[in-house]
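For reference, the chains in residue letters:
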Amino acid sequence: MLQTVRTPDLGTDEAEVIEVLVKVGQTLTLDTPIVLLESAKASMEVPSPIAGVISEIVVKLGDKVSEGSVLLQVEVAETKHEPVFTPADEPEVATPVVVEESAVVTAAPVVSAVAVVAAVPVVESVSAAPAALIHSGPAVRRLARELGVDLRQVTGSATKGRIVKEDVHAYVKKTLTAPVATQVSSATGSGLPTLPTIDFSKWGEIELQPLTKIQKLSAQNLHRAWLHIPHVTQFDEADITDLEAFRVAQKDALKAQGVSLTVLSFLVKACAYVLKQYPKFNASLSLDGEQLILKKYVHIGVAVDTPNGLVVPVIQDADQKSITAIAKELAELSAKAREKKLSPAQMQGATFTISSLGGIGGTAFTPIVNWPEVAILGVSRASQKPVLNGQTFLPRLMLPLSLSYDHRVIDGAEGARFITALNQVLVDIRRVLL
């Protein structure tokens, strides 16, 4: 029996085939890598979801594919399966249900764990259509009602197009992970007045430069966060004179081991330490605004500037790693980010983000909270400043810090306590050993 292998959900609009890993006639086993794809953010292998013999390879090098694109045709052995029904599921014969024109349901956002890490669900309005027959059982229809799913938008995978529970769940997942609709960049539905279209060419020569995929996604996410999160930013300066002296004293020995010891490595460790003391900063606010989701893990995202735009790889379990291990992982993730080799898993799950502009310049800035997180730390360039020690001024290396947070979750006093505690750790990094 011939089966089609299609591109799974990539987490992005499209990707390019940069390597075909199989050939016609090859015997596939489950999870055998088929092709290597490259998107604007990362490279990823697509595993085979079935076992069989390849009869045709549909894609070639350089092809652009998206979710659902055909990759292979595979000959699999035919097996006969008797249908299995349970009393709690549905009757043996699914009764066709007539959907009247007036009974049109609009798919609503679903509050689930997926919604915490996925893009904002696209809410699609279903226009009136002629009456249609939907083949599904009562359990499936009940599930669809609970999730707010219009069954006319769901494709059935069972015999004769019958819709089963897995089809409903797959539709919800696809809706939740779909790219944010263009209303993010327009004023529609935001309550803001529409911006007028301006012809800039009437004042002089212009050039149109398209945004990269990363820039488009960043713009959508930042705009969404800015509209939904009431931002407050707390500023401070940390005296890192002793920390920098320690870093310089250790960097040559660690460099010989292939480790680049940076101030950012210390910042990740210091933030992980303080986040354990102030768990609200390591949380997310539920979509209904009624609960605070406190996370028992500490995964810190670090914004990395690349030629294609800003990406945020994640240091997982930063509180359990040494500064040396963090430094090594930071270097590896940064290199992958610049080479577009980060996997989607390496950019997900952050509980707190650090955006460091110290290598570029500036004295302070207001970072935008990376939703669904509730806080982000901005770091600017350190500089020598005269600091009074009681009687005389001494030159000290001061590091500017900018802490932005969601004011619905964190008040000003908590913000000040957090950045003060972080300041103290950076002044004496030995505190992380206590």
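A brief look at the structure comes next. Computed from a prediction, not measured in an experiment: that's the story for all the values here. (Residues numbered from 1 in each chain as written. Predicted model: local features only at pLDDT ≥ 70, side-chain atom pairs only at ≥ 80, totals over all residues. Heavy atoms only, no water.)

## A short note on helix α6 (residues 263–277)
Because an α-helix packs 3.6 residues into every turn, residues spaced three or four apart end up facing the same way. To keep things clear, this is the line we draw: Numbering goes from the N terminus for both helices and strands, where a helix is a DSSP run of H or I of at least four residues and a strand is a run of E of at least two. By this rule the span expected of a helix is its residue count minus one, scaled by 1.5 Å. Summary of the burial criterion: residues with accessible area below 20% of their type's maximum are buried, those above 50% are exposed, and those between are partly exposed, where the area comes from a 1.4 Å probe applied to protein chains only.
Here α6 contains 15 residues, and its C-alpha end-to-end distance of 22 Å stays within 8% of the 21 Å for a straight helix at 1.5 Å per residue. Listing the buried residues of α6 in full gives L264, S265, F266, L267, V268, K269, A270, C271, A272, V274 and L275.

## Remarks on the pattern of salt bridges
Here is the rule: Salt bridges are defined as contacts in which a side-chain nitrogen from Lys or Arg sits within 4 Å of a carboxyl oxygen from Asp or Glu.
Under the defined criterion, the tally for this structure stands at 13 salt bridges. D239 serves as the salt-bridge partner of R396, at 2.8 Å between the closest nitrogen and oxygen. Residue R396 is located in strand β21 (residues 393–406), and its partner D239 is located in strand β11 (residues 231–239); the two are separated by 157 residues in the primary sequence. Exposure remark for R396: the relative accessible area of 22% places this residue in the partly exposed category. Judged by relative accessible area, D239 falls into the buried class, the value being 16%. Residues R247 and E244 are paired through a salt bridge, measuring 2.8 Å at the closest nitrogen-oxygen approach. Of the two residues, R247 and E244 are both situated in helix α5 (residues 241–255); the distance of three residues between them amounts to about one turn of the helix. For R247, a relative accessible area of 14% corresponds to the buried category. Of the residues examined, E244 reaches a relative accessible area of 18% and is grouped as buried. The structure contains a network of salt bridges with shared partners spanning D239, D242 and R396.

## Side note on the packing of α6 against helix α7 (residues 323–338)
The line we're drawing: Helix axes are fitted only over the stretch in contact, all axes being lines through C-alpha atoms; the angle between N-to-C directions runs from 0 to 180 degrees. Convention used here: angles under 35 degrees read as roughly parallel, angles over 145 as roughly antiparallel, angles from 65 to 115 as roughly perpendicular, and any remaining angle as oblique. Note: crossing handedness is left-handed where the near helix turns anticlockwise from the far helix by less than a right angle, and right-handed where it turns clockwise. Residue contacts are defined here by distance: any two heavy atoms, one from each residue, within 4.5 Å place the two residues in contact. Under this grouping Gly is polar, as are all residues other than the nonpolar Ala, Val, Leu, Ile, Met, Phe, Trp, Tyr, Cys and Pro and the charged Asp, Glu, Lys and Arg.
Close contact between α6 and α7 brings their axes to 9 Å; oriented N to C, the two are set at 120°. By the angle class used here, α6 and α7 are oblique. Between α6 and α7 the crossing geometry is right-handed. Across the interface between the two elements, L264, S265, F266, V268 and K269 of α6 pack against I323, I326, A327 and L330 of α7. Across the contact of α6 with α7, the residue classes break down as seven nonpolar, one polar and one charged.

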